[in-house]
Amino acid sequence: MPFDTDFSRPSGTRYFRHLDGRPFTDEEQALADDATLEELQAAGVRVHNPEVEADSVAAAKELIKMLCGYAVDHHEALIPFMAHEDVLEYARLCSIITAGVNS
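Thresholds, definitions, all that
- Each chain has its residues counted from 1, running along the sequence as written.
- Totals for whole chains, interfaces and linings use every residue, but because this is a predicted model, local features are given only for residues with pLDDT of at least 70 and side-chain atom pairs only at 80 or more, for both listing and counting.
- Water and hydrogen atoms play no part in the side-chain values, which are based on all heavy atoms of the structure.
- We count a salt bridge whenever a side-chain nitrogen from Lys or Arg sits within 4 Å of a carboxyl oxygen from Asp or Glu.
- We count a stretch as a helix when DSSP gives it H or I for four or more residues in a row; a strand needs E for two or more, and each element gets its number in order from the N terminus.
- Burial classes follow relative accessibility: with a 1.4 Å probe on protein chains only, a residue under 20% of its type's maximum area counts as buried, one over 50% as exposed, and anything between as partly exposed.
- Patch membership is restricted to residues that have no salt bridge and whose relative accessible area is over 30%. Joining uses 9 Å for like charges and 5 Å for the nonpolar side chains Val, Leu, Ile, Met, Phe, Trp and Tyr.
- Here the Shrake-Rupley method, with its probe set to 1.4 Å, supplies the accessible areas, and only the displayed protein chains count as covering residues.
- Scored between 0 and 100, pLDDT is the confidence that the predictor attaches to each residue.
- The arc in question is the one traced by the directions running from the helix axis out to the C-beta atoms.
- Should any heavy atoms of two residues lie within 4.5 Å, those residues are considered in contact.

Trainee: Help me out: how do you make sense of the pattern of salt bridges in this one?
Mentor: Two side chains that carry opposite charge are able to pair once their charged atoms sit near each other. Counted under the stated rule, the structure contains three salt bridges. One salt bridge connects Asp-20 with Arg-22, and the closest N-O pair in it is separated by 2.8 Å. Here Glu-89 and Arg-92 are joined by a salt bridge, their closest N and O atoms 2.7 Å apart. On the criterion of helical spacing, the pair formed by Glu-89 and Arg-92 is a turn pair, its members being three residues apart in helix 4 (residues 84–101). Relative accessible area serves as the criterion here: at 41%, Arg-92 is assigned to the partly exposed category.

Pasting the structure below:
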């Protein structure tokens, strides 16, 4: 398969173009049509795969839970990475939480 391929082809189609916009020849397109999912992915083609997408969403949710756990336990360590406006908002929210806990 040629590597001067525009890998961001229209979603849901297997029609490829060269980087200069020329469509694949019939022979080149036949190679692409016969390629397996693994071969297309190895060549860098983004292929929609619902199972991979579902796994990705589940992994993102687990990662968020894990990061939130660390952030809650070590929230002060995040302050050096915050923008000034976020530090101000962080202080405001902490004061609201503290006021609710102490009442």
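Trainee: Just checking my understanding: could you explain a nonpolar patch on the surface for this structure?
Mentor: A surface patch of nonpolar side chains, about 420 Å² in accessible area, is lined by Leu-63, Met-66, Leu-67 and Tyr-70. Within the secondary structure, Leu-63 is located in helix 3 (residues 50–73).

Trainee: Explain the confidence of the model for the protein chain to me, please; I cannot follow it from the model alone.
Mentor: Caution applies to low-pLDDT regions: their predicted coordinates should not be interpreted in detail. Residue-level pLDDT values for the protein chain average 82, and 82% of them are 70 or greater. For the protein chain, per-element mean pLDDT is lowest for helix 2 (residues 37–42), which scores 80, and highest for helix 4, which scores 91.

Trainee: It is not clear to me how helix 1 (residues 26–34) should be interpreted in this structure. Could you clarify?
Mentor: For an α-helix the count is 3.6 residues per turn, leaving residues at separations of three or four pointing the same way. Of all the residues in helix 1, the buried ones are Glu-28, Gln-29 and Ala-32. Along helix 1, the residues classed as buried sweep out an arc of 95 degrees about the axis, all on the same side. In helix 1, those exposed residues whose orientation departs by more than 90 degrees from the buried face are Asp-26, Glu-27 and Asp-34. Contacts from the buried residues of helix 1 go to helix 2.

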